[in-house]
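Observations on the model geometry
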Amino acid sequence: MLPCVCWLQSILILLSSFLWTLGENCPATCLCPDPHTVDCSGRGLTRLPDEIPLDVRRLLLADNWIPRIPSDFLVLYSDLVYLDLRNNTLSHIEPGTLSTSSRLVFLDLGSNNLTEIPKGTFGESRSLIKLRLGNNPYLSIVSEDAFLGLTSLRELELERNALSTLKVGALSQLPSLRVVRLEGNPWVCNCNFANLFAWLMENSHKLPNGVEGMECSLPMDGRRVSLTQLSKDSFRECQATLTLTDLLIIIFSGISVSVVAIMTSFFLASTVHCFQRWSKGTKGDEEESEE
Ligand SMILES: *[C@@H]1O[C@H](CO)[C@@H](O)[C@H](O)[C@H]1NC(C)=O
Ligand SMILES: *[C@@H]1O[C@H](CO)[C@@H](O)[C@H](O)[C@H]1NC(C)=O
């Protein structure tokens, strides 16, 4: 009987100390449904809560008014696997903030106030599988190298932003990409769009609604058309349009070719001439020695 009571007692002590630590580590306004999850969604927070346990793996901060994340945030919370910052007021992500996240698998920055995704924003977050960046109404610039290094990224959401153009390299450099959402952006189908269009045609299976779900506006009159109404031929004249650099390269290479041709013929002519003189000379010698 006695050993049993002792055993029960120790269990109770263990349990209560566990609950006590959990309670202590959970930020005041948040919920902690399990030891690795901190849920502060919809708490009217205007900044990140203090006292988030350092070993948190799932951090839910959606539906608040958080305007910024400190640049050392992921250095501090290096066990984070799942970070939900959806529907906050983030307008800017300091360079390096997200580039140290070696474990992060899911990142939701949708419905914020981001304006630009510069090169290297996510560094080498090789574990990242799903990245949500949709519904940022002022997001108009995504660098060609914005997602460089995200070798595991399978799902990328960029829908309903303010993108009128996107360098195709931003998508084609993602080796694991399976799903990409691009609909609801004010795409302009001018020559800048030609390469992206070609990529979309080849990768339409990666768009949840195919190319049917995407529209762009015509550069001539701003009329919006579905991408299904366009073909490679729609962008044919883009290949004929040459930029000033192209022209300079062509002219310069033309000049170099002519210069090389002139020099070569001059060299050949003088060689032939020399050879003729030389062979005449040796003939003369031979004739002389015969005599
Ligand atoms: C976004 O967050 C605000 C503030 O918490 C909330 O009132 C609103 O309903 C949320 N919007 C969405 C679409 O969830
Ligand atoms: C979002 O950004 C726009 C323009 O950059 C600004 O006018 C607006 O006040 C911002 N909204 C919030 C909630 O920060």
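These numbers come from a predicted model, not from an experiment. (Residues numbered from 1 in each chain as written. Chains lettered and ligands numbered in written order. Predicted model: local features only at pLDDT ≥ 70, side-chain atom pairs only at ≥ 80, totals over all residues. Heavy atoms only, no water.)

As for the overall build of the protein
As a reminder, the rule being used: Helix numbers and strand numbers start at the N terminus; a helix is a DSSP run of H or I with at least 4 residues, a strand a run of E with at least 2. Think of it in three bands: with a 1.4 Å probe and only protein chains considered, a residue is buried below 20% of the maximum accessible area for its type, exposed above 50%, and partly exposed in between. Throughout, a residue-residue contact means that at least one pair of heavy atoms, one from each residue, lies within 4.5 Å. Surface accessibility in these figures is a Shrake-Rupley result with a 1.4 Å probe; residues are shielded only by whichever protein chains are displayed.
Of the regular secondary structure elements, the protein holds six helices and eleven strands. The burial tally for the protein puts 34% of its 291 residues in the buried class. Expressed as a percentage of contacts within the protein between residues at least 6 apart in sequence, the contacts between residues at least 24 apart total 51%. Carbon and sulfur atoms make up 60% of the accessible area of the protein, which amounts to about 17,400 Å² in all.

Points about the state of the cysteines
Spelled out, the test is: Cysteine sulfur atoms are paired as a disulfide whenever they fall within 2.5 Å.
For the coordinates displayed, the defined rule picks out four disulfides. Two residues share a disulfide in this structure: Cys26 and Cys32, whose sulfurs sit 2.0 Å from each other. Taking the sign of the S-S torsion, 95° for the link of Cys26 and Cys32, the bridge is right-handed. When its relative accessible area of 14% is taken as the criterion, Cys26 is described as buried. Using a relative accessible area of 18% as the deciding quantity, one classes Cys32 as buried. When the bonded cysteines of the protein are counted from the start of the sequence, the pairing works out to 1-3, 2-4, 5-7, 6-8.

Focus on the pattern of salt bridges
Keep this limit in mind: Salt bridges are identified by distance alone: a Lys or Arg side-chain nitrogen within 4 Å of an Asp or Glu carboxyl oxygen.
Within this structure, the stated rule accounts for eleven salt bridges. Between Arg132 and Asp108 there is a salt bridge, with its nearest N and O atoms 3.5 Å apart. Of this pair, Arg132 sits in strand 6 (residues 130-132) while Asp108 sits in strand 4 (residues 106-108); the two residues are 24 residues apart in sequence, bridging distant segments of the chain. A cluster of three or more residues bridged by salt bridges with shared partners is formed by Arg86, Asp108, Arg132 and Glu157.

Considerations on the site of ligand 1
Let me state the cut-off plainly: The cutoff for a nearby residue is simple: one of its non-hydrogen atoms must lie within 4 Å of the molecule or strand. Polar contacts, as counted here, are pairs of nitrogen or oxygen atoms within 3.5 Å of one another; within protein the pair requires one atom able to donate a hydrogen and one able to accept it, and residues that are adjacent in sequence qualify only if both atoms are side-chain atoms.
In the vicinity of ligand 1, the residues found are Asp63, Trp65 and Asn87. The contact in question runs from an oxygen atom of ligand 1 to an N or O atom on the backbone of Asp63, over 2.9 Å. Measuring from an oxygen atom of ligand 1, one finds a side-chain N or O atom of Asn87 at 2.3 Å. Against a free-state accessible area of 360 Å², the protein chains account for coverage of 39% of ligand 1.

A closer look at the environment of Glu116
Counting through the fold element by element, Glu116 comes out in strand 5 (residues 116-117). For Glu116, a relative accessible area of 40% gives the class partly exposed. Glu116 sits 24 residues away from His92 along the chain, and the two C-alpha atoms are 7.6 Å apart. When residues no more than four places from it in sequence are discounted, the contact partners of Glu116 are Leu139 and Ile141.

Digging into the confidence of the model for the protein
Operational definition: Values of pLDDT, which run from 0 to 100, indicate the predictor's confidence residue by residue.
Per-residue pLDDT for the protein averages 84, and the proportion of residues at 70 or more is 78%. Within the model, pLDDT remains below 50 along residues 11-23, and this stretch shows three contacts once partners closer than five positions in the same chain are excluded. Every residue in residues 286-291 is under pLDDT 50, and counting partners more than four places away or in other chains gives zero contacts.

Notes on empty space enclosed by the protein
The gaps left among the atoms become clear once a water-sized probe is rolled over them. What counts is decided by this rule: Computed over the protein atoms alone on a 1 Å grid, cavities are sets of points where a 1.4 Å probe fits but cannot get out and pockets are open sets with protein on both sides within 12 Å along at least five of seven lines; a residue lines them when it has an atom within 4 Å of a point. Grid points are joined across faces, edges and corners, and a volume is the space filled by probe spheres set on the points.
Within the structure shown, the criterion is met by three cavities of 30 Å³ or more. Within this model, the largest cavity holds a volume of roughly 40 Å³. In this structure, the largest cavity is lined by Ser91, His92, Ile93, Leu114, Glu116, Ile117, Pro118 and Thr121.

As for the environment of Thr29
Note that Thr29 resides in the loop between helix 1 (2-25) and strand 1 (37-39). The residues touching Thr29, leaving out its near neighbours within four places in the chain, are Arg43 and Leu45.

Considering the packing of aromatic side chains
Put simply, the test is: Only centres within 6.5 Å qualify two rings of Phe, Tyr or Trp (six-membered ring in Trp) as a pair; their planes then separate them into stacked at under 30 degrees, edge-to-face at over 60, and tilted for everything else.
What the rule picks out here adds up to six aromatic pairs. An angle of 10° between the planes, with centres 4.2 Å apart, marks the rings of Tyr82 and Phe106 as stacked. With a gap of 24 residues between them, Tyr82 in strand 3 (residues 82-84) and Phe106 in strand 4 connect regions that are remote in the sequence. Tyr82 sits in the partly exposed class, given a relative accessible area of 23%. The exposure class of Phe106 is buried, given its relative accessible area of 11%. A ring pair is formed by Phe122 and Phe147, whose centres lie 6.0 Å apart and whose planes are at 20°; its orientation type is stacked. Here the residue Phe122 occupies a position in the loop between strand 5 and strand 6, and Phe147 occupies one in the loop between strand 7 (141-142) and strand 8 (155-157), the gap between them amounting to 25 residues. Given the relative accessible area of 1%, Phe122 is considered buried. An aromatic cluster is built from Trp187, Phe193, Phe197 and Phe235, whose rings are joined through pairwise contacts.

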